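# Commentary on secondary and tertiary structure
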Amino acid sequence: MSTFRAIVFASVISGFVVGLLVTVVQQFGTVPLILKAEVFEKAAEAHQHEAPATPQPAAAGHDHAAHDHGDHDHGAGDHDHGGAWEPRDGFERNAYTAAANVLTAIGFALLLAGFFVVRGGATGASVSWHEGLLWGLAGFAVFTLAPGLGLPPELPGVPSAPLLSRQIWWLAAVLATAGGLALIVFRPSVPAAISGVILLTLPHLIGAPELANVETNVPSSLSHQFVTAATVTSLVFWTLLGGLTSAVFAHFDRGTAQRA
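Residues numbered from 1 in each chain as written. Predicted model: local features only at pLDDT ≥ 70, side-chain atom pairs only at ≥ 80, totals over all residues. Heavy atoms only, no water.

The name recorded for the protein in an unreviewed UniProt entry is Cobalt transporter, from Bradyrhizobium guangzhouense.

Here it is as structure tokens:
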């Protein structure tokens, strides 16, 4: 029970701190790029709505009207017209972003703390902060780097393959990368290393789902900047989370052991 308490306390504290810190980092990295891309996205939507300059057949006109009433370009009116709800720009949007970051960080911190318990039970020693940093880098490789090679982060307004196929490939890449790294690190043998390398490369040999033709008015330079900013932000997230979670968990775990 004391170990479980240490896991929860360490995860909540480190997740809260890292989530807020990453939110601040995003304000200077990814958020400005997303806002710029949304300008291009809304301009493209406005152009599509204004495109039919000549009279259209009745059926076509009806379809366009139906699409227009359900489109999310109505802004604040989405709350009243059945469109997809979005938080308002400014404090509300930043607050939801911070909450999502904190919850995500706590969830991954719970995962890391669980690994620390298993690793500590196998070695008989607690995980140090620099070992936790390595676990954080492993998390970055599994959840960001490997999937990002096939499915890089995308800005609003950039078309992408169907969501379900992308989710399936992303999950396969995550599982394959985690399994490959585990075989290489925890099974020091030639067959295990070969199997690990095969797992690491298999999702990329299959290839991520992608569209044959991508038409967007979002500049490619903006997309490249976003991929870089998102990757760097994720690296900051995982390194901070791994190091801080291990340090806080060691503190609480040591405290519970002393009281016992």
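Picking up after the structure, the text goes on.
## Observations regarding the overall build of the protein
Our working rule: The way it works is that DSSP assigns letters per residue, a run of H or I at least four long becomes a helix, a run of E at least two long becomes a strand, and they are numbered from the N terminus. Residue exposure (1.4 Å probe, protein chains only): buried if accessible area is under 20% of the type maximum, exposed if over 50%, otherwise partly exposed. Only heavy atoms matter for contacts: two residues are in contact if any of them lie within 4.5 Å across the pair. Here the accessible surface of atoms and residues is derived via Shrake-Rupley with a 1.4 Å probe, and residues count as covered only by protein chains that are part of the display.
When you go through the protein residue by residue, the secondary structure sums to 9 helices and 0 strands. In sequence order, the protein lays out its α and β elements as α-α-α-α-α-α-α-α-α. The buried share among the 260 residues of the protein stands at 28%. The contacts of the protein with a sequence gap of at least 6 include a subset with a gap of at least 24, amounting to 78%. Of the roughly 15300 Å² of accessible surface on the protein, 68% is carried by carbon and sulfur atoms.

## Considerations on the confidence of the model for the protein
Detailed conclusions should not be drawn from predicted coordinates in areas where pLDDT is low. Selection criterion: For every residue, the predictor states its confidence as a pLDDT score lying anywhere from 0 to 100.
Per-residue confidence for the protein averages 82 on the pLDDT scale, and 79% of its residues sit at or above 70. Predicted confidence is poor over residues 53–83, with pLDDT under 50, and the contacts of this stretch with residues over four places away or in other chains come to 22 contacts. Low pLDDT (under 50) marks residues 256–260, which in the prediction has 1 contact with non-local residues, meaning those over four places away or in another chain.

## Quick word on the pattern of salt bridges
Put simply, the test is: The salt bridge definition used is simple: a Lys or Arg side-chain nitrogen within 4 Å of an Asp or Glu carboxyl oxygen.
Following the criterion strictly, the structure yields 1 salt bridge and no others. For R93, the salt bridge goes to E38, with nearest N and O atoms at 2.7 Å. Of this pair, R93 sits in helix α5 (residues 91–123) while E38 is found in helix α2 (residues 30–50), placing the two residues 55 residues apart along the sequence. Here E38 falls in the buried class, since its relative accessible area comes to 16%.

## Let's talk about the nonpolar core
Inclusion rule: Definition of nonpolar core: a set of buried residues of the types Ala, Val, Leu, Ile, Met, Phe, Trp, Tyr and Cys, connected through side-chain atoms within 4.5 Å.
Core analysis: the biggest nonpolar cluster contains 18 residues, and V18, L112, F116, F237, W238, L241 and F249 have the highest contact counts within it. Secondary-structure elements contributing two or more residues to this core are α1 (2–28), α5, α6 (129–150) and α9 (220–259). Membership of the second largest hydrophobic core comes to 7 residues, among which are L33, L155, L222 and F226.

## Remarks on the side chain of S246
Take S246: it is sitting in helix α9. For S246, a relative accessible area of 0% translates into the label buried. Leaving out residues up to four positions away in the same chain, S246 has contacts with F116, V127, S128, W129 and G132.

## Re the UniProt feature "transmembrane region" (unreviewed entry) in the protein
Stated precisely, the cut-off is as follows: UniProt positions are given in the numbering used here, feature names are shortened, and annotations may be inferred rather than shown by experiment.
Here the UniProt-annotated "transmembrane region" (unreviewed entry) positions come out as residues 7–28, 95–117, 129–148, 168–186, 193–212 and 232–252. Structurally, residues 129–148 is divided into 100% helix and 0% strand, and its ends, taken at the C-alpha atoms, are 27 Å apart. Regarding residues 193–212, the helix share stands at 70% and the strand share at 0%, and the terminal C-alpha atoms are separated by 35 Å.

## So, the packing of helix α7 (residues 163–186) against helix α8 (residues 190–206)
Put simply, the rule is: Fitted lines through C-alpha atoms give the axes, limited to the stretch in contact for helices. The angle between two N-to-C directions lies from 0 to 180 degrees. An angle below 35 degrees is treated as roughly parallel, one above 145 as roughly antiparallel, one from 65 to 115 as roughly perpendicular, and anything else as oblique. Handedness of a crossing is defined here by the sense of rotation of the near helix relative to the far one, left-handed for an anticlockwise turn of less than a right angle and right-handed for a clockwise turn. Classification convention: Asp, Glu, Lys, Arg as charged; Ala, Val, Leu, Ile, Met, Phe, Trp, Tyr, Cys, Pro as nonpolar; all other residues, Gly among them, as polar.
Their axes nearest at 8 Å, the elements α7 and α8 cross at an angle of 165 degrees. Looking at the two axes, α7 sits roughly antiparallel to α8. The crossing of α7 and α8 is left-handed. Contact with α7, carried on its side by W169, A172, A173, A176, T177, G179, G180, L181, L183 and I184, involves A192, A193, S195, G196, V197, L199, L200, P203 and H204 of α8 and no other residues of that element. Of the residues belonging to the contact of α7 with α8, the class tally is 13 nonpolar, 6 polar and no charged.

## Considering the environment of A105
You can see A105 is positioned in helix α5. As a C-alpha pair, A105 and V12 span 93 residues in sequence and 8.5 Å in three-dimensional space. With residues near it in sequence (within four places) discarded, A105 still touches G15, G19, F237 and L241.

## Thoughts on the packing of aromatic side chains
Each aromatic ring pair is summarised here by two numbers: the centre-to-centre distance and the angle between the ring planes. Where we set the bar: Planes of paired rings set the category: under 30 degrees apart is stacked, over 60 is edge-to-face and the rest tilted, where pairs are Phe, Tyr or Trp rings (Trp by its six-membered ring) whose centres lie within 6.5 Å.
Under the criterion given, the structure shown has 11 aromatic pairs. Between F108 and F237 the ring centres are 6.3 Å apart and the planes differ by 80 degrees, which places this aromatic pair in the edge-to-face class. Here F108, found in helix α5, pairs with F237, found in helix α9; they are 129 residues apart in sequence, far enough to count as distant. Here F237 falls in the buried class, since its relative accessible area comes to 11%. Through pairs of rings, three or more aromatic residues link up here, namely F108, F143, W170, F237 and W238.

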